[in-house]
Amino acid sequence: GAAELGPYRHYMQKEIFEQPRAIADTLENVTNIMPELFGDKAYGIFKEIDSVLILACGTSYYAGLTAKYWIESIAKIPVNVEIASEYRYRDSVPNPKSLVVTISQSGETADTLAALKHARNQGMLHTLTVCNVATSAMVRECELAYITHAGVEVGVASTKAFTTQLAALFLLALSLAQIKGRLNDEQEAGHIKAMRHLPVAISAVLALEPQIIAWAEQFAAKENALFLGRGLHYPIAMEGALKLKEISYIHAEAYPAGELKHGPLALVTKEMPVVTVAPNDTLIEKLKSNMQEVRARGGELYVFADADSHITASEGIHVIRLPEHYGLLSPILHTIPLQLLAYHTALARGTDVDKPRNLAKSVTVE
Ligand code: G6P
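Residues numbered from 1 in each chain as written. Predicted model: local features only at pLDDT ≥ 70, side-chain atom pairs only at ≥ 80, totals over all residues.

A. The site of the ligand, seen in detail. In the region of the ligand, 16 residues are neighbours, and Gly58, Thr59, Ser104, Ser106 and Thr109 sit closest. Take the shell around the ligand: its biggest share by element is three residues, from helix α5 (residues 58-75). When grouped by side-chain class, the residues that make up the shell around the ligand number five nonpolar, 10 polar and one charged. (Near = placed C-beta within 6 Å. Helix = DSSP H or I, 4+ residues; strand = E, 2+ residues; numbered from the N terminus. Nonpolar A, V, L, I, M, F, W, Y, C, P; charged D, E, K, R; others polar.)

Structural data, given as structure tokens:
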């Protein structure tokens, strides 16, 4: 009820603002990297596996796509990420040495549970879940688990569950890297420090809300939006597009910016806002030239840069700058303004933010 909402208008807004606490709780027991964070048997299993197969639906699937970048770059273990409802019905090539990882807020999503069973029936016995509900079927069914401590998530559109999943998956990448001898003490200490600082860094991003509200007022009048990202931030662009369509009913899709020329540029007019996730990473120069391609066709750019991005606002280029540059963990920070943009756009359009039409919080039937 209203009492639980405190100063917030919706559960979604409350849950967005709970993220510093949710991440702190999820990482509470992490003082150093060790496989045992995932269960007693994790050491032996992590030693044995030679690949990872991630299965999930919806927002949890985008967490999986982000994890692929992390695990492959830090632990050098090949990762496949599949939509659970596809994997369960597809002829695939099972690898018994693969670690099957399900990601689920509820732990009750029918397709994800069925995909897990399908993997197991094919002889893949090493299973791990990243899940927000300790008593769920998913946790019971998996050999290993990392419980995220987002707390109860009421809003149908997932927010704090997603960023806590990312935190847990980053830990998984580090733990696998350690087992495979690819993480030295200095690197470990650096990553722990960055993780511990996340709640403060997220709070600083949340303080950008007034600037994002100003953008949302412009978005509310649009019917389409494009989200661009590259590398680690392409899944974050996808998550941003999903949030916008789920709750504001604006058609939105995400593209890896290098694909612009292969289709979406044909859609760009001044009526199409183009949201760009643009932290200063190795792809920033390429992203800047992708942005010029949009500008040259009259597209309006809404850029989420960071402290080191060196992108300045000009005609048709709006910039909100995140206060810190955050390296490998930057996807967690860049998720926050996209959640706020979707939330405030939906608010301006007067939709039912916490219970968007036709959608359910937990999809327990196929
Ligand atoms: C529904 C929810 C999404 C969620 C997805 C997967 O579509 O509305 O927010 O990402 O299910 O749910 P899970 O509980 O498995 O993460």
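B. Spatial organisation of the packing of α5 against helix α12 (residues 234-248). For the pair α5 and α12, interaxial distance at closest approach is 9 Å and the crossing angle is 165 degrees. Taken together, the axes of α5 and α12 lie roughly antiparallel to each other. Where α5 crosses over α12, the two elements pack in a sense that is left-handed. Along the contact surface, α5 presents Thr59, Tyr62, Leu65 and Thr66, while α12 presents Pro235, Met238, Glu239 and Leu242. The residue inventory of the contact of α5 with α12, partitioned by class, reads five nonpolar, two polar and one charged. (Axes fitted to C-alpha atoms, helices over the stretch in contact; angles between N-to-C directions. Parallel < 35°, antiparallel > 145°, perpendicular 65-115°, else oblique. Left-handed = near helix turned anticlockwise from the far one by under 90°. Contact = placed C-beta atoms within 7 Å.)

C. Spotlight on the nonpolar core. Residues Ile54, Leu55, Ile71, Leu169 and Ala173 are the most contacted members of the largest nonpolar core, which totals 119 residues. If you tally residues by element for this core, the top one is helix α9 (residues 160-179), at 14 residues. When near neighbours in sequence (up to four residues on either side) are disregarded, Ile54 contacts Gly64, Ala67, Lys68, Val79, Val81, Val101 and Ile103. (Core = buried A, V, L, I, M, F, W, Y, C linked by C-beta atoms within 7 Å. Buried ≥ 20, exposed ≤ 12 C-beta atoms within 10 Å, placed from the backbone.)

D. The arrangement of the sheet that holds strand β9 (residues 300-305) in detail. In spatial order, the strands read β7-β6-β8-β9-β10; together these five strands make up an open sheet with parallel pairing. Two strands in the sheet have a free side with no partner beyond their single neighbour: β7 (251-256) and β10 (317-321). In this sheet, adjacent strand axes meet at a mean angle of 20 degrees when their direction is disregarded. Two elements, strand β6 (residues 224-229) and strand β8 (residues 273-278), share three bridges in a ladder whose sense is parallel. Each bridged residue has a counterpart across the sheet, and for Leu226 the counterpart in β8 is Val274. Packing of α12 onto the sheet brings it into contact with β6, β7 and β8, and relative to β7 it is tilted by some 175 degrees. Sheet contacts for helix α13 (residues 284-296): β6, β8, β9 and β10; angle to β8, the most-contacted strand, approximately 170 degrees. (Pairing = 2+ DSSP bridges.)

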